[in-house]
Amino acid sequence: MVIELCGLSGDGKTQLCFTISAHVAAALKQSVHYVDTKGDFSAQRVLGIIKHKNIPEEECAAALERIQVTRISDIYELLRFLHHLKSCLGEDESIPPRVVIVDSVPPLYFPFMASDTNQGFGLLNNMMSMMKVMATEYHILFIVVNLASTFVEAEVCDNEGAEDNRDAITSDVRPMLGKYWLHAPNMRLLVSKLNSEAAQRLIRVTKSTYLQTGASCVVCVSENGVV
């Protein structure tokens, strides 16, 4: 399965990725591939989340070692990484990772937005195709992080009342990467700030073939991760 975490900048997508990585590595004791395209992976932060799980000190370091971080600067490097991963999975003694996280995709696509968008879409489709093949054949969960933009209708701007406008803005958050990307992931989760509480986030299902669209839950970003 390919799951997309989508949201505005600063809404907690990376913190959620850190928490998922810590849970898989510490609680499930399985490996994670973390693809960092922004250069902001924090081993100290992930280790802090692991330590809050009340596991023995010696197991914390072992759990952190199960998270393999690959720093990537362009989409061609990501494609080479996926090809390499797929070739390794074809070996008899290779153990597939439980989760592969790509945080995030837009920085890899932005260079194509001002030039040949068809080439960019082609590369994104290639990336998604490889992910879906490996997800199906090796039961790997792929999590890709996407940015979102806010769109406000003209008639909404004319309405009186700042609060009404704020509600309209938050309800019209759309994922980036264009309309051709909308149907690419199997599931899309929209992460957004809840009211004025800086620590609280609303995670809502906006696309899924497994869960009911519109289903949601409230989480909190804390020292323990996203809980």
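Above: the structure in question.
**So, empty space enclosed by the protein**
Taking a probe equal in size to a water molecule and rolling it over the atoms shows the remaining empty space.
Reasoning step 1: All told, the structure shown has one cavity of 30 Å³ or more when counted by the stated rule.
Reasoning step 2: Volume-wise, the largest cavity comes out at about 40 Å³.
Reasoning step 3: Taken together, Asp11, Gly12, Leu16, Val191, Arg201, Ile203, Val219, Val221 and Val226 form the lining of the largest cavity.
Reasoning step 4: Counting residues per element, the ones that place at least two in the lining of the largest cavity are strand S8 (197–208) and strand S9 (216–222).
Reasoning step 5: Considered class by class, the residues forming the lining of the largest cavity number six nonpolar, one polar and two charged.

**Description of the packing of aromatic side chains**
Two aromatic rings, taken as a pair, are described by how far apart their centres are and by the angle between their planes.
Reasoning step 1: Enumeration according to the criterion identifies five aromatic pairs in this entry.
Reasoning step 2: Considering the side-chain rings of Tyr109 and Phe121, the 5.7 Å spacing of their centres and the 35° angle between planes classify their relative orientation as tilted. One end of the pair, Tyr109, is in helix H5 (residues 106–113); the other, Phe121, is in helix H6 (residues 117–138), with twelve residues separating them in the sequence. Like Tyr109, the residue Phe121 is buried in the burial classification.
Reasoning step 3: By way of ring pairs, the aromatic residues Phe18, Tyr34 and Phe41 are connected into one cluster.

About the cut-offs
- Residues numbered from 1 in each chain as written.
- Predicted model: local features only at pLDDT ≥ 70, side-chain atom pairs only at ≥ 80, totals over all residues.
- Heavy atoms only, no water.
- 1 Å grid on protein atoms, 1.4 Å probe; cavity = no way out; pocket = protein on both sides within 12 Å on 5 of 7 lines; lining within 4 Å.
- Points joined across faces, edges and corners; volume = space filled by probe spheres on them.
- Helix = DSSP H or I, 4+ residues; strand = E, 2+ residues; numbered from the N terminus.
- Nonpolar A, V, L, I, M, F, W, Y, C, P; charged D, E, K, R; others polar.
- Phe/Tyr/Trp six-rings, centres within 6.5 Å; stacked < 30°, edge-to-face > 60°.
- Buried < 20%, exposed > 50% of the residue type's maximum accessible area, 1.4 Å probe, protein only.

Read these as layout, nothing more, since geometry by itself doesn't imply function.
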